[in-house]
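Below are the chains, spelled out letter by letter.
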Amino acid sequence: MKKILCVVGTRPEAIKMAPVILALKSEPWAEVRVLATAQHRQMLDQVNQFFGIEPDIDLDIMRPNQALTTLTARLLLDLDDVLQSEKPDAVLVQGDTTTVMTVALACFYHRIPIGHVEAGLRTWDMQNPFPEEANRVIAGKLARWHFAPTEGSRQNLLKEGIADADIVVTGNTVIDALLMSAAKDLELPIDIEADKRLVLVTSHRRENFGEPFRNICKALRTLAKNNSDIQFLYPVHPNPNVKDVAHEFLAELPNVILCEPLDYAPFIAVMKRAYLILTDSGGVQEEAPALGKPVLVLRDETERPEAVEQGVVKLVGSNCERIIEEAQRLLDDESAYKVMARGVSPYGDGHASERIVQILREYFDAI
Ligand code: UD1
Ligand code: UDP
């Protein structure tokens, strides 16, 4: 048996790692161990519960509004103990969070091979997204296996000098998770009047904190005031830098519902019900095209250009006027809307985790 330690820290990691964990668990050669750093607490737990995954080790690292340096330092110390006692044959991480970067570094020091799920996403700008671009570059430098979601991400890794033989284009496991979940009976968590169109919003990126995020909220307020026949739903990220500002600008508007982060299944249900999605989330940029929902991205850059190139996702940044103009156009102009409301899935076919497991199986068979 080979011991594979799968690490999850935040909500998106748990969603995207779940199909890999479940696929590995049915492999006779693999002893699967799940480590939750719990960089997120409530948001992580609800995803693991949804997929029936119970972490074997939980570092419970989250503290309210914790600084990135403190988070990094505490994680590295705790990971040292875990890797010494677990002695895994391989470790899998997903994405570009602080959890991913610290686990990659700790594994490097312990000489344990790392598999990086969702490898090779790049904007080539260290400040955007911050600190994720640095996290994924560091993880990429240290990884043994690079599971790239698209051909574009493979090309990015080749540009950085990663050996072709160490990269596999697998698709993104987010689509595996979406298909597993969309097959279930998904109930809307909130009453939306049947005749009303729904605009779904999420926003949490650190490079938007401060003035850019205030501009985003101002734009949402104007859009809500100008479109009283449209319902806006915004599940607010619990980071205080987001939560306080969102409530300051949007709490009093009759057609805006601010709620706690939604559990994964209800969130998919509202994505399906939405007419239009405004977001700075990476995962939502991948899921929404597969559901045929137009997305306006509240960022200046994206490491997910594929859906933009296909014309179903558009970057609008954090400029107040631009957000209002682009959203209003899609609300008013049905032909412009239809062009963006095409179901395409550039990020995967739902079989990414099978491909990842196969690579690991072949590796361990050969040694
Ligand atoms: C993190 C990731 C980001 C990812 C996002 C997904 C880093 C640096 N950032 O950002 O890449 O896109 O997760 O959501 O790794 N909090 C809670 N409960 C929770 C989760 C968070 O209260 O379940 C609050 C806490 O005050 C916490 C703060 O949010 O300190 C920030 O959490 P953190 O993980 O540091 O960063 P995110 O902004 O969530
Ligand atoms: N999501 C969720 N509940 C919400 C908002 C998002 O379950 O209220 C899911 C969404 O379907 C996607 C993931 O969380 O799979 C994206 O996570 P997030 O936006 O926090 O992080 P990012 O993808 O930007 O790293």
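This one's a predicted model, so the numbers in the text were calculated from it and none came from an experiment.

Turning our eyes to something else, we now look at helix H1 (residues 11-25). Here H1 is 15 residues long and its end C-alpha atoms lie 21 Å apart, about the 21 Å a rise of 1.5 Å per residue gives. When we look at burial in H1, the residues that qualify are Glu13, Ala14, Ile15, Lys16, Met17, Ala18, Pro19, Val20, Ile21 and Leu24.

By nearness alone, 16 residues border ligand 2, and Arg11, Leu262, Ser281, Gly283 and Glu287 come closest of all. Within the backbone of Gly282, one N or O atom sits 2.8 Å away from an oxygen atom of ligand 2. Between ligand 2 and Glu287, the relevant distance is 2.5 Å, taken from an oxygen atom to a side-chain nitrogen or oxygen of the residue. Alone, ligand 2 offers 540 Å² of accessible surface; in the complex the protein occludes 95% of this. Elements with a minimum of two residues in the shell around ligand 2: H1, helix H10 (264-273) and helix H11 (282-290). Across the shell around ligand 2, the residue classes tally to eight nonpolar, four polar and four charged.

With that out of the way, let us pick up the site of ligand 1. As a matter of local geometry, ligand 1 sits amid 24 residues, with Gln39, His40, Gln42, Asn65 and Glu132 nearest to it. One of the backbone nitrogen or oxygen atoms of Thr98 is found 2.9 Å away from an oxygen atom of ligand 1. Residue composition of the shell around ligand 1, grouped by class: eight nonpolar, eleven polar and five charged.

A few words now on the nonpolar core. The biggest cluster of nonpolar side chains holds 59 residues, and the ones touching the most others in it are Ile4, Leu24 and Leu92. Setting aside chain neighbours within four positions, we find Leu92 in contact with Ile4, Leu5, Cys6, Val7, Met17, Val20, Leu24, Gly115, Phe147 and Leu360. In this structure, Ala224, Ala246, Leu253 and Leu298 belong to the second largest nonpolar core, which totals 36 residues.

Under the local residue numbering, the UniProt record ascribes the feature "domain: UDP-N-acetylglucosamine 2-epimerase" (unreviewed entry) to residues 23-361. End-to-end, the C-alpha atoms of residues 23-361 are 12 Å apart, and along that stretch the chain is 46% helix and 15% strand.

So, on to unusual backbone geometry. The omega torsion across Asn128 and Pro129 is -5°, close enough to zero to call that bond cis. Within the element layout of this structure, Pro129 appears in the loop between strand E5 (114-117) and helix H5 (132-142). With an omega of 5°, the peptide bond running from Phe130 to Pro131 counts as cis. By the secondary structure assignment, Pro131 is in the loop between E5 and H5. The backbone phi angle of Lys87 is positive, close to 45°, even though this residue is not glycine. Note on Lys87: relative accessible area 60%, which makes it exposed.

Basis of the calculations
Residues numbered from 1 in each chain as written. Chains lettered and ligands numbered in written order. Predicted model: local features only at pLDDT ≥ 70, side-chain atom pairs only at ≥ 80, totals over all residues. Heavy atoms only, no water. Helix = DSSP H or I, 4+ residues; strand = E, 2+ residues; numbered from the N terminus. Expected span 1.5 Å × (residues − 1). Buried < 20%, exposed > 50% of the residue type's maximum accessible area, 1.4 Å probe, protein only. Near = heavy atom within 4 Å. Polar contact = N/O pair within 3.5 Å; in protein donor to acceptor, adjacent residues only side chain to side chain. Areas by Shrake-Rupley, 256 points an atom, 1.4 Å probe, with all protein chains shown as cover. Nonpolar A, V, L, I, M, F, W, Y, C, P; charged D, E, K, R; others polar. Core = buried A, V, L, I, M, F, W, Y, C linked by side-chain atoms within 4.5 Å. Contact = heavy atoms within 4.5 Å. UniProt positions renumbered as here; feature names shortened; annotations may be inferred.

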